Amino acid sequence: MFRAHHLHDDRLFECYVAERSGETPDPHAAEHLADCVDCSRRYVELSRFMDTLRAEGQAEADAVFTTDRLCAQQQAIDRRIEHVGRPARVISFPGASTARTIASKTARVAPRWVAAAAAAGIFVGAALGTSYEWTRGLSPRSFTRTRPIGSTTARNSSPRTTRPVEAVPTGGSSPADVAADEAFLSDLEVALDRPRTEELRAYDALTPHFKEIKDVR
Amino acid sequence: MSSDLRTVPGLENARDQQADAPAGRRTPAAPLTEDSKLAVEIRGLMDAGNMDDARDRFGDLVAMHQRRATRIAYQYLRDAAEADEAVQDAFVKVFSHLTSYREAWPFEVWFTRILINGCLDRRKARMRRDRWFVPAETMAMDEAVLGAASTAGPDPERRLLARERRARIAQAIDRLDGRQRTVFTLCHYGDYTPREVSMMTGLNESTVRVHLFRAARKLRGLLGGQP
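Every chain's residues receive numbers from 1 upward, in the order its sequence appears when written. Ligands are numbered from 1 and chains lettered from A, in the order in which they are written. Only residues with pLDDT of at least 70 get local features here, since the model is predicted, and only at 80 or more are side-chain atom pairs given and counted; chain-wide, interface and lining totals rely on the full set of residues. To get the side-chain values, all heavy atoms of the structure are used, and hydrogens and water are removed first.

**Section: the overall build of chain B**
Item 1. Helix numbers and strand numbers start at the N terminus; a helix is a DSSP run of H or I with at least 4 residues, a strand a run of E with at least 2. Helix and strand content of chain B: ten helices and zero strands.
Item 2. Remark: exposure states derive from per-residue accessible area (1.4 Å probe, protein chains only) relative to the maximum for the residue type, with buried under 20%, exposed over 50%, and partly exposed in between. In chain B, which comprises 227 residues, the share counted as buried stands at 49%.
Item 3. The contact criterion used throughout is that any non-hydrogen atoms of two residues lie within 4.5 Å. Of the contacts made within chain B by residues no fewer than 6 positions apart, 73% connect residues no fewer than 24 positions apart.
Item 4. Looking at chain B as shown, the accessible area adds up to about 10900 Å², and 51% of this sits on carbon and sulfur atoms. Areas reported as accessible are Shrake-Rupley estimates using a 1.4 Å probe. Residue values count occlusion only from the protein chains shown.

Next comes the structure, spelled out in structure tokens:
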């Protein structure tokens, strides 16, 4: 019933804070606290609670940070501030080794350009060569046909020992010329398919060839 | 993030507040405290290029604030090694920037502000770390130290109960809102007045008092009225 006239918790706490901070408490609240037993008891409980909290916290921190530890901490601070305000020590830059490193890097870059230029040259050369051959192939007068002399003996002789062929100019692509070309290419294929080792020719004669089997099928 | 002091009005705002402060508040004309005088003296030595003497005198400044700084840092971080590093970092930072110190601010306020910002940064970093890594055995070294301290007493049971009580308090404080925790830690473990906390955090003094009351009320609720 009289609770409404009692001090609220916040005012009670204000009194506690004022007392701790050395400030003058609210006169009305102080007067009430002096007269009211209930509020006085609450105030004592609050003070005890807060004081216990503080004491526990400080005791815990003081148990961890002993005097020795604080001394060590102060020494660490002294060590750390020893270099504050002093100009930083400049370490000489390793010039010789750096120059060498740069030179070696430059030397490593050059072959890449050389390789790239060589590749580009090969590509351009191949392209030009191809286009040149293609242009020559289109012109009828410039076409030349090679024919080996003594092509019948090509089977018996090694390709490396074939006689040089001479270029024979042709007038066009008549059926006779086409047949002769086919025969020449056929002879060339046969000569290349045959074994070139003298000792294996007997086996070669006995063994059926892929082309013969294919023809049988 | 509400736990970051830098989200509240900054140093300059707080300084403006101080400049416009009513008569009851601390003004630049107020007499300098002993640590502030010492800081001014060290600053003079540094300006004169006498760094060795400045370092010697700074040792006295460290001795003045070391105990309180470690209490605050430990309550923030709950890790002895990290609190130790935070305090060291704060002192080194103060020494590095002492030439920019102005007497308009009490040295203690200036230093504590630097310390708290460092602690908040470390808490953030730890939260990020915990998000990605499995936390190690929590505070094994602290437990060992506290265990060693607890075995020194005559009554092991009471010591054990005290340890459990402290653990409960620490968990309850950790559940406070960021600003409430900051205000509570500074007022309660740093023994600062709400006015000083107001200067440190840039918060209005009445706001500090409200945060403090709410923190106390929440702690009483969490701890069942008894720590």
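Next comes the rest of the account.
**What about the overall build of chain A?**
Item 1. A count of helical and extended segments in chain A gives eight helices and two strands.
Item 2. For chain A, the α and β elements follow one another from N to C terminus as α-α-α-α-α-β-β-α-α-α.
Item 3. Looking at chain A as a whole, 19% of its 217 residues qualify as buried.
Item 4. For chain A, the share of sequence-separated contacts (at least 6 apart) that also reach a separation of at least 24 residues comes to 59%.

**Description of the interface of chain A and chain B**
Item 1. Contacts between the two partners involve 39 residues from chain A and, on the opposite side, 50 residues from chain B.
Item 2. Salt bridge, as applied in this entry: a Lys or Arg side-chain nitrogen positioned within 4 Å of an Asp or Glu carboxyl oxygen. Viewed at the interface, chain B and chain A are joined by ten salt bridges.
Item 3. Taking the shortest distance from any N to any O, the salt bridge between Arg20 of chain A and Asp191 of chain B comes out at 2.9 Å.
Item 4. Residues adjacent in sequence count toward polar contacts only when both atoms are side-chain atoms; beyond that, a polar contact is any pair of N or O atoms within 3.5 Å, and within protein one must be able to donate a hydrogen and the other to accept it. One can count 22 residue pairs in polar contact (both at pLDDT 80 or more) joining chain A with chain B.
Item 5. Residue assignment for the side of chain A that touches chain B shows that the elements contributing at least two residues are helix H1 (9–21), helix H3 (37–64) and helix H4 (67–81) of chain A.
Item 6. When residues in the side of chain A that touches chain B are grouped by element, the largest group, 16 residues, is from H3 of chain A.

**Quick look at the packing of aromatic side chains**
Item 1. In this scheme Phe, Tyr and Trp rings, the latter by its six-membered ring, pair at centre separations within 6.5 Å, and the angle between planes marks the pair as stacked below 30 degrees, edge-to-face above 60, and tilted otherwise. Throughout the structure, instances matching the rule amount to eleven aromatic pairs over all chains.
Item 2. Relative to Tyr74 of chain B, the ring of Phe65 of chain A has its centre 6.2 Å away and its plane inclined at 80 degrees; by these criteria the two rings are edge-to-face. Separated into two different chains, Phe65 of chain A in the loop between H3 and H4 and Tyr74 of chain B in helix H3 (residues 51–77) make up a pair that spans both.
Item 3. Relative accessible area serves as the criterion here: at 1%, Phe65 of chain A is assigned to the buried category.
Item 4. In this structure Tyr74 of chain B comes out as buried when scored by relative accessible area, which is 1%.

**Details of the confidence of the model for chain B**
Residue and element names in this part refer to chain B.
Item 1. Confidence of the prediction at every residue is given by pLDDT, a number between 0 and 100. Here chain B shows a mean pLDDT of 79. Residues at 70 or above account for 76%.
Item 2. At the low end of the mean pLDDT range in chain B sits helix H1 (residues 11–19), at 40; at the high end sits helix H4 (residues 80–96), at 93.
Item 3. Confidence over residues 1–28 falls short of pLDDT 50; this stretch has 54 contacts with residues more than four positions distant or in other chains.
Item 4. Under the prediction, the complex receives an ipTM of 0.76, its pTM being 0.59.

**Topic: the nonpolar core**
Item 1. Here, nonpolar core refers to any group of buried Ala, Val, Leu, Ile, Met, Phe, Trp, Tyr and Cys residues whose side-chain atoms link them within 4.5 Å. Judged by nonpolar contacts, the single largest core of 80 residues is most densely connected at Phe13 and Met50 of chain A together with Phe58, Leu98, Phe107 and Phe184 of chain B.
Item 2. Beyond its immediate chain neighbours, meaning those up to four positions away, Phe107 of chain B contacts Asp35, Ser36, Ala39, Leu61, His65, Val94, Leu98 and Tyr101 of chain B.

**Brief notes about the pattern of salt bridges**
Item 1. All told, the structure shown has 26 salt bridges over all chains when counted by the stated rule.
Item 2. For Asp52 of chain B, the salt bridge goes to Arg55 of chain B, with nearest N and O atoms at 3.0 Å. With Asp52 of chain B and Arg55 of chain B both in helix H3 and three residues apart, this pair spans about one turn of that helix.
Item 3. Residue classification places Arg55 of chain B among the buried positions, given a relative accessible area of 9%.
Item 4. Salt bridges linked by common partners bring Glu14 and Glu23 of chain A together with Arg195, Glu205 and Arg209 of chain B together as one network.

**Concerning unusual backbone geometry**
All names here are of chain B.
Item 1. Positioned with a positive phi, Arg78 is a non-glycine residue whose angle comes to about 55 degrees.
Item 2. The exposure class assigned to Arg78 is buried, which follows from its relative accessible area of 14%.
Item 3. Despite not being glycine, Asp191 has its phi angle at roughly 60 degrees, a positive value.
Item 4. Mapped onto the elements of the fold, Asp191 is located in the loop between helix H8 (178–189) and helix H9 (194–201).

**Quick look at helix H7 (residues 156–174) of chain B**
Item 1. Each helix should span, by expectation, one fewer than its residue count multiplied by 1.5 Å. With 19 residues, H7 of chain B extends 27 Å between its outermost C-alpha atoms, agreeing within 8% with the 27 Å of an ideal straight helix rising 1.5 Å per residue.
Item 2. In the core, the buried residues of H7 of chain B are packed alongside H3 of chain A together with H8 and helix H10 (205–222) of chain B.

**Focus: the packing of H8 of chain B against H9 of chain B**
Residue and element names in this part refer to chain B.
Item 1. In this analysis, axes come from line fits to C-alpha atoms, helices being fitted only over the stretch in contact, and the angle between any two N-to-C directions falls in the range 0 to 180 degrees. Two elements in contact, H8 and H9, have axes whose closest approach is 10 Å; the angle formed by their N-to-C orientations is 130 degrees. The orientation of H8 relative to H9 falls into the category oblique. Crossing handedness for the pair H8 and H9: right-handed. Within the contact between the two elements, H8 uses Thr182, Val183, Leu186 and Cys187 and H9 uses Pro194, Val197, Met200 and Thr201.
Item 2. For the contact of H8 with H9, a count of residues per class yields six nonpolar, two polar and no charged. An angle below 35 degrees is read as roughly parallel, one above 145 as roughly antiparallel, one from 65 to 115 as roughly perpendicular, and any other as oblique. A crossing counts as left-handed when the near helix is turned anticlockwise from the far one by less than a right angle, and as right-handed when that turn is clockwise. Gly counts as polar in this scheme, as do all residues outside two lists: the nonpolar Ala, Val, Leu, Ile, Met, Phe, Trp, Tyr, Cys and Pro, and the charged Asp, Glu, Lys and Arg.

**Quick look at the packing of H8 of chain B against H10 of chain B**
Describing two packed helices takes the angle between their axes plus the distance from one axis to the other.
Residue and element names in this part refer to chain B.
Item 1. Running from N to C, H8 and H10 cross one another at 95 degrees; their axes reach a closest spacing of 8 Å. In terms of orientation, H8 lies roughly perpendicular with respect to H10. Listed contacts from H10 to Arg179, Gln180, Val183, Phe184 and Cys187 of H8 are Val208, His211, Leu212, Arg214, Ala215, Lys218 and Leu219.
Item 2. Considered class by class, the residues forming the contact of H8 with H10 number seven nonpolar, two polar and three charged.

**Digging into the side chain of Gln180 of chain B**
Item 1. Among the secondary structure elements, Gln180 of chain B is positioned in helix H8.
Item 2. Not counting residues within four places of it along the chain, the set of residues in contact with Gln180 of chain B comprises His211, Arg214, Ala215 and Lys218 of chain B.

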